[in-house]
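The lines below spell out each chain.
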Amino acid sequence: MAHQGVERPSEETLSLWKREQARLKARVVDWDTEAWQRDPDFSGLLRVGGVDVSFVKGDSVNACASLVVLSYPELEVVYEECRVVDLTAPYVSGFLAFREVPFLVEAVKQLRAKEPGLLPQVLLVDGNGLLHHRGFGVACHLGVLIDLPCIGVAKKLLQVDGLEKNDLHKEKVQLLQAGGDTFPLVGDSGIVLGVALKSHDHSTNPLYISVGHKISLETAVRLTRACCRFRIPEPVRQADIRSREYIRRTLELASPPALGRERTALRWDRSPIPSYRIQKVKRPEVCPQRYSGEPASEGRPPEDHSPGPGADLDAPTQAP
C-alpha cells in the first residue's frame, strides 16, 4: 500500500534546516586530505563507495537505501547493504539531505561496526556538494557527518548562482568530445562551483561533479572519471542497481513467509522510530524515478534516475 507524501514542513522547520546547513557547512574541507588523493595513480586507494536511495512507483515515502563498497582499481563489489526505509521528512528543493542522509549515515555506521576493514576511503554520492543553493548539498552533508571524503555526482545541472542550461551551456557541452573532457561551472559570484565532465566516450550528456568533503575539485573529477566504465561512475551505478533489485525482491517476497522483515525509520531529528514489520501489500512496479511529480533539484529530478527494469544496465548511458 503506497503511502501519501509527507506534508511540506513549516517555515520554522525550514529555518532550522537552513541554520543546520550553515553550521555544518563551516566544517566542510574542500582540499585533499589523504595521501592517495595526491598520487597521480591514486596509489593507496583500495576501496571506493557509492550510495543511493530508490523508490517504489507512486510512493514517495517507502524507499530502499543502499551502500556499496567496490575494490579499486578493479571496481568489483566487495560489500553491499540495502534496507527498506520510511522517509518521514518531505522532499523540499535544497533540503534533500534531511530526507535521505540519516539512513546513509546509519549504513556507514553499521559498516564501521561490522566490517571496519571494508570502510570506503571515499564515497561517491548521487547528488551535489558545493554546487547547491546554499553551498551545502547532500554530498557535503553526508561527508561532514561521517567524516569521510565525499564527491557529488549529479546527472543534471542544478541552476544556482546564475548557472543556466542555456544556449551557451549547450555549446560548451557540444565541445566535450572525448571521455575526460571538462569545463568549469563558474557562478555569477565568480566561484567555481563544480565541473561538467564527459565521463565516457559514448555519453551524450556530462556529469556535474562537485566537492562534497575532504577532497579537492580536481581530484574529485579525476577519480570520478577513473571509476566510469560507462556514463555513471561504477559505485553510484552499482548502488542504484542493487537498491532497485532489492526493492523488486522485497516486493516479490511481501507475502506471509516474508512478513518478518523489519523496516527502518528515522524522524527528522534523526532519532529512531520503533521498528515495525512489513504488511502485506499489493505489488506495485519499481519506479525508475526519484519522486513522481516533484521539481528538479540537487541532481535528483524525476526524469533523471537510472534506466528502469528491463533496461540494458551494461550499456553506456547516453540519455540524461
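All values reported here derive from a predicted model rather than from experimental measurement. (Residues numbered from 1 in each chain as written. Predicted model: local features only at pLDDT ≥ 70, side-chain atom pairs only at ≥ 80, totals over all residues. Heavy atoms only, no water.)

1. Observations regarding the pattern of salt bridges
Piece 1. A complete count under the given rule lists eleven salt bridges for this structure.
Piece 2. Here Glu76 and Arg229 are joined by a salt bridge, their closest N and O atoms 3.3 Å apart. With Glu76 in the loop between β2 (59-71) and β3 (77-87) and Arg229 in the loop between α5 (217-226) and α6 (234-252), this residue pair connects regions lying 153 residues apart in the sequence.
Piece 3. Given the relative accessible area of 35%, Arg229 is considered partly exposed.
Piece 4. With a shortest N-O distance of 3.6 Å, Glu81 and Lys114 are connected by a salt bridge. Taken together, the residues span a long stretch of sequence, with Glu81 in strand β3 and Lys114 in helix α2 (residues 96-114) at a distance of 33 residues.
Piece 5. On the accessibility criterion, Glu81 (17% relative accessible area) is buried.
Piece 6. When its relative accessible area of 47% is taken as the criterion, Lys114 is described as partly exposed.
Piece 7. Within the structure, one salt-bridge network assembled from shared partners comprises Glu76, Arg229, Glu234 and Arg237. (Salt bridge = Lys/Arg side-chain N within 4 Å of Asp/Glu carboxyl O. Helix = DSSP H or I, 4+ residues; strand = E, 2+ residues; numbered from the N terminus. Buried < 20%, exposed > 50% of the residue type's maximum accessible area, 1.4 Å probe, protein only.)

2. As for the packing of α2 against helix α3 (residues 138-146)
The relative placement of two packed helices is expressed as an angle between their axes plus a distance between the axes.
Piece 1. Axis separation between α2 and α3 bottoms out at 9 Å; the angle between their running directions is 35°. Helix-helix and strand crossings are classified by hand; for α2 and α3 the assignment is right-handed. Along the contact surface, α2 presents Leu96, Ala97, Phe98, Val101, Leu104, Val105, Val108 and Arg112, while α3 presents Val138, His141, Leu142, Leu145 and Ile146.
Piece 2. Residue composition of the contact of α2 with α3, grouped by class: eleven nonpolar, one polar and one charged. (Axes fitted to C-alpha atoms, helices over the stretch in contact; angles between N-to-C directions. Left-handed = near helix turned anticlockwise from the far one by under 90°. Contact = heavy atoms within 4.5 Å. Nonpolar A, V, L, I, M, F, W, Y, C, P; charged D, E, K, R; others polar.)

3. Quick word on helix α1 (residues 11-25)
Piece 1. An ideal rise of 1.5 Å per residue puts 21 Å on 15 residues; α1 measures up with 21 Å between its terminal C-alpha atoms.
Piece 2. For α1, the full list of buried residues reads Thr13, Leu14, Trp17, Glu20, Gln21 and Leu24. On an axial view of α1, the arc spanned by its buried residues comes to 120°, and they lie on one face. In this structure, α1 carries Glu11, Glu12, Arg19 and Ala22 as exposed residues pointing more than 90 degrees from its buried face.
Piece 3. Against the buried residues of α1 lie α2 and α3. (Expected span 1.5 Å × (residues − 1). Arc of directions from axis to C-beta.)

4. Section: the nonpolar core
Piece 1. Residues Leu67, Leu123, Leu142 and Ile146 are the most contacted members of the largest nonpolar core, which totals 29 residues.
Piece 2. Going through the elements one at a time, β1 (47-56), β2, β3, α2, β4 (122-126) and α3 are the ones with two or more residues in this core.
Piece 3. Here this core takes nine residues from α2, the largest share from any one element.
Piece 4. Excluding its chain neighbours within four sequence positions, the residues that come into contact with Leu123 are Gly49, Gly50, Val51, Leu67, Val108, Leu142, Ile146, Pro149, Cys150 and Ile151.
Piece 5. One finds Val68, Ile232, Val236 and Ala239 within the second-largest nonpolar core, a separate group that totals 26 residues. (Core = buried A, V, L, I, M, F, W, Y, C linked by side-chain atoms within 4.5 Å.)

5. Describing the confidence of the model for the chain
The predicted coordinates of low-pLDDT regions are not to be read in fine detail.
Piece 1. For the chain, the mean per-residue pLDDT works out to 82, and 77% of the residues sit at or above 70.
Piece 2. For residues 255-297, every residue scores under 50 in pLDDT, and the model assigns this stretch 116 contacts once sequence neighbours within four places are set aside.
Piece 3. In this model, residues 299-320 is a region of pLDDT below 50 whose contacts with residues beyond four sequence positions or in other chains number 66 contacts. (pLDDT = per-residue confidence, 0-100.)

6. Quick word on the environment of Asp59
Piece 1. Relative to the helices and strands, Asp59 resides in strand β2.
Piece 2. Within the local environment of Asp59, its side chain forms a polar contact with the backbone nitrogen of Val61, the two atoms lying 2.9 Å apart.
Piece 3. Of note is the side chain of Asp59, whose polar atom sits 2.5 Å from the side chain of Asn62. (Polar contact = N/O pair within 3.5 Å; in protein donor to acceptor, adjacent residues only side chain to side chain.)

7. Some points on unusual backbone geometry
Piece 1. In this model, Tyr72 is joined to Pro73 through a cis peptide bond whose omega is 10°.
Piece 2. As for its placement among the helices and strands, Pro73 is situated in the loop between β2 and β3.
Piece 3. Residue Lys214 is not a glycine yet carries a positive backbone phi of 55°.
Piece 4. Residue placement: Lys214 occurs in the loop between β8 (207-213) and α5.

8. Some details on the pairing of β4
Piece 1. The buried fraction of β4 amounts to five of the five residues, a majority that puts the element mostly inside the structure.
Piece 2. Covered by surrounding structure in β4 are Val122, Leu124 and Asp126 together with Leu123 and Val125, the residues of both alternating faces.
Piece 3. Here four bridges tie β1 to β4, and the two strands are oriented parallel to one another. Pairing of Val51 across the sheet is with Val125, part of β4.
Piece 4. Both β4 and strand β5 (residues 150-154) contribute to a ladder of four bridges, which runs parallel. What sits directly across from Leu123, in β5, is Cys150.
Piece 5. One crossover worth recording links β4 to the parallel β5 by way of α3, and it is right-handed. (Pairing = 2+ DSSP bridges. Right-handed = clockwise from strand over helix to strand, strands pointing away.)

9. A look at the pairing of β8
Piece 1. In terms of burial, β8 is largely enclosed, as seven of its seven residues are buried.
Piece 2. Summarising the sheet, β5 and β8 pair through five bridges and their orientation is antiparallel. Looking at the pairing, Cys150 lines up with His213 of β8.
Piece 3. Pairing between strand β7 (residues 192-197) and β8: three bridges, direction antiparallel. By the bridge assignment, Leu197 is partnered in β8 with Leu207.

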